[in-house]
Amino acid sequence: MRTDDDSWDITESVGATALGVAAIRAYESGQEDALFQDPYAAKLVSAVGSDGWNNLMSGMRNLGDSEQGDDTDLRGWSMGSVLIARTVYFDEYFAAAVRAGIRQIVILAAGLDARAYRLEWPSGTRIFELDQPKVLAFKARALADDEPAADRREVAVDLRQDWPKALLDKGFEPGEPTAWLAEGLLRYLPGHAQDKLLEQVAELSAPGSRIALNLGTDKDMADQFRERRAKVMADAGVKIDLENLFYPWEDRKDPRTWFAMHQWLVTEGDPVAVLEDRGRTVPETAKAGMGHHILMTALRPRGDDTL
Ligand code: SAM
């Protein structure tokens with residue numbers, strides 16, 4: 001049961017969802033035809049020392065059921081493929097932001113995101129990672145021997161509280177353009193908290209700033225997708241009840257509309273196209289579930305900016 005001021009460690013409640021996405025990144029990184037390499041993901045998941053998360057990370061062959069047909073690995077599962085696609089999409093988003101000269105990065109709900117360590121950043125890049133204190137503390141312990149590739153600053157804060165102040169206190173420069181990321185965050189916020197967070201982001205965004213985010217809509221989603229999600233977790237031996245961690249999709253504004261109404265230039269991504277454009281065959285059954293997932297970027301224009 002969620003409450004307005006709940007908090008968690010990495011293995012608890014919403015914290016454990018960060019382990020889930022890191023496990024999928026670890027799995028993909030271990031495949032011969034991987035679309036990205038995140039060597040930190042396996043290290044972070046292993047640091048928990050739990051059979052369930054290790055099972056998920058190893059790919060859990062023989063998941064077979066109706067959603068994936070003959071394709072019995074995590075890529076045949078719509079959520080697995082969405083997580084892989086969005087990693088690629090957001091990696092490329094940051095590469096484009098850096099090419100455009102942005103040197104200030106804010107990762108909201110960073111969880112076990114290791115982009116500060118694994119991507120190339122120009123010198124002078126500052127990366128702020130925001131998440132709950134215990135989640136960031138776990139990550140700091142697990143990566144204590146690793147050097148980030150940028151000036152990485154932790155901001156231990158709840159994103160339903162006064163996080164702008166905490167960010168400013170860590171040296172965020174509101175006059176500089178920023179590349180924001182909200183990956184795997186919005187459904188863990190009540191609708192009113194999402195709207196407030198987007199308003200706060202916009203207030204702190206100098207012209208030229210960008211944001212990338214994803215959001216699972218589950219609009220008209222067949223029960224089979226929810227059941228599938230629960231089954232994959234249960235088969236791995238992972239105890240997590242995603243349905244009760246999410247706040248309803250219906251209570252929030254669609255962020256595509258929200259940013260367009262605030263005069264940002266919105267560009268939508270398509271998780272299936274992200275994979276197919278890179279030569280990956282996506283099973284039809286996984287495609288249906290992936291269609292429920294919004295990927296988008298938005299740019300606060302300086303004048304004649306286009307994305
Ligand atoms: N962005 C990371 C990624 O994609 O790997 C982590 C995504 S994970 C699904 C969700 C993350 O959101 C967790 O790390 C959780 O702690 C964080 N989170 C959710 N609600 C939060 C809140 N109110 N304040 C701070 N962090 C929050």
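Calculation notes
Residues numbered from 1 in each chain as written. Predicted model: local features only at pLDDT ≥ 70, side-chain atom pairs only at ≥ 80, totals over all residues. Heavy atoms only, no water. Helix = DSSP H or I, 4+ residues; strand = E, 2+ residues; numbered from the N terminus. Rg over C-alpha atoms; globule rule 2.2 N^0.38 Å. Buried < 20%, exposed > 50% of the residue type's maximum accessible area, 1.4 Å probe, protein only. Contact = heavy atoms within 4.5 Å. Lys, Arg positive; Asp, Glu negative; His and termini not counted. Charge placed at Lys NZ, Arg CZ, Asp CG, Glu CD. Pairing = 2+ DSSP bridges. Axes fitted to C-alpha atoms, helices over the stretch in contact; angles between N-to-C directions. Near = heavy atom within 4 Å. Polar contact = N/O pair within 3.5 Å; in protein donor to acceptor, adjacent residues only side chain to side chain. Areas by Shrake-Rupley, 256 points an atom, 1.4 Å probe, with all protein chains shown as cover. Arc of directions from axis to C-beta. Salt bridge = Lys/Arg side-chain N within 4 Å of Asp/Glu carboxyl O. Phe/Tyr/Trp six-rings, centres within 6.5 Å; stacked < 30°, edge-to-face > 60°. Expected span 1.5 Å × (residues − 1). pLDDT = per-residue confidence, 0-100. Parallel < 35°, antiparallel > 145°, perpendicular 65-115°, else oblique. Left-handed = near helix turned anticlockwise from the far one by under 90°. Nonpolar A, V, L, I, M, F, W, Y, C, P; charged D, E, K, R; others polar.

A. Representation of the overall build of the protein. Across its full length, the protein holds 13 helices and 7 strands. In terms of overall size, the protein behaves like a compact globule, its C-alpha atoms giving a radius of gyration of 18 Å where 307 residues would be expected to give roughly 19 Å. By principal-axis analysis of the C-alpha atoms, the protein measures approximately 50 × 40 × 40 Å. When each of the 307 residues of the protein is scored for burial, the buried share is 57%. Pairs at least 24 apart in sequence give 76% of the contacts found in the protein among residues at least 6 apart. Across the protein, the mean location of the 36 positive side-chain charges is 3 Å away from that of the 52 negative side-chain charges.

B. View of the sheet that holds strand β7 (residues 293-299). Here 7 strands make up an open sheet; going across it, the order is β3-β2-β1-β4-β5-β7-β6 and the pairing mixed. The sheet terminates laterally at β3 (151-156) and β6 (265-269), the two strands that pair on one side only. On average, adjacent strands in this sheet sit at an angle of 15 degrees to one another, irrespective of strand direction. In this sheet, β7 lies alongside β6 in antiparallel orientation, the contact comprising 5 bridges.

C. Here's a closer look at the site of the ligand. Around the ligand, a shell composed of 22 residues is seen, among which Trp8, Ala109, Asp131, Leu159 and Glu183 lie nearest. Here an oxygen atom of the ligand sits 2.8 Å away from a polar atom, N or O, in the side chain of tryptophan 8. Glutamate 183 places a polar main-chain atom, nitrogen or oxygen, 2.8 Å from a nitrogen atom of the ligand. Its free accessible area being 590 Å², the ligand has 99% of it covered by the protein chains.

D. Region of the structure containing helix α6 (residues 133-142). Within the sequence span of α6, burial applies to Val135, Leu136, Phe138, Lys139 and Ala142. In an axial view of α6, the angular spread of the buried residues amounts to 155 degrees, which keeps them on one side of the axis. Looking at the packing, one finds that the buried side of α6 touches α1 (15-29), α2 (39-46), β2 (126-131) and β3.

E. Main features of the pattern of salt bridges. All told, the structure shown has 28 salt bridges when counted by the stated rule. Linking arginine 256 and aspartate 254 is a salt bridge whose minimum nitrogen-to-oxygen distance equals 2.6 Å. When its relative accessible area of 24% is taken as the criterion, arginine 256 is described as partly exposed. Aspartate 254 gets classed as buried once you look at its relative accessible area, which sits at 18%. Measuring nitrogen to oxygen at the nearest pair gives 3.2 Å for the salt bridge that ties glutamate 284 to lysine 287. Highlighted residues: glutamate 284 and lysine 287, both in helix α13 (residues 284-290), separated by 3 residues, approximately one helical turn. A relative accessible area of 23% means that lysine 287 is categorised as partly exposed.

F. Focus on the packing of aromatic side chains. If you walk through the whole model with that rule in mind, you get 10 aromatic pairs. A ring pair is formed by tyrosine 89 and phenylalanine 90, whose centres lie 5.5 Å apart and whose planes are at 65 degrees; its orientation type is edge-to-face. Residue tyrosine 89 is classed as buried on the basis of its relative accessible area, which comes to 14%. With centroids separated by 5.1 Å and ring planes inclined at 50 degrees, the aromatic side chains of tyrosine 93 and phenylalanine 94 adopt a geometry described as tilted.

G. Representation of helix α4 (residues 78-99) in the model. Spanning 22 residues, α4 covers 31 Å between terminal C-alpha atoms, matching the ideal 32 Å at 1.5 Å per step. Here α4 lies mainly inside the structure; 17 of its 22 residues are buried. The first or second residue beyond α4 is glycine 101, which carries a positive phi of 95 degrees.

H. Fine view of the confidence of the model for the protein. Here the protein averages 91 in pLDDT, while 93% of its residues score no lower than 70. Considering each helix and strand of the protein separately, the mean pLDDT is smallest for helix α9 (residues 223-236), with a value of 80, and largest for strand β1 (residues 104-108), with 99.

I. Local environment of the packing of α1 against α2. As a packed pair, α1 and α2 sit with axes 8 Å apart at the nearest point and diverge in direction by 130 degrees. By the angle class used here, α1 and α2 are oblique. As α1 runs across α2, the sense of the crossing is left-handed. Facing Leu19, Ala22, Ala23, Arg25 and Ala26 of α1, the residues of α2 in contact are Ala41, Ala42 and Val45. Of the residues contributing to the contact of α1 with α2, the split by class is 7 nonpolar, no polar and 1 charged.

J. Spotlight on the environment of alanine 100. Among the secondary structure elements, alanine 100 is positioned in the loop between α4 and β1. Residues alanine 100 and glycine 208 lie 108 residues apart in sequence; the distance between their C-alpha atoms is 9.0 Å.

K. Inspection of the pairing of β7 at higher detail. The buried fraction of β7 is high, at 7 of 7 residues. Side-chain alternation along β7 places His293, Leu295, Thr297 and Leu299 on one buried face and Ile294, Met296 and Ala298 on a second face that is also buried. Inspection of the sheet shows strand β5 (residues 210-216) paired to β7 by 7 bridges, in the antiparallel sense. Directly across from alanine 212, in β7, lies its bridge partner threonine 297.

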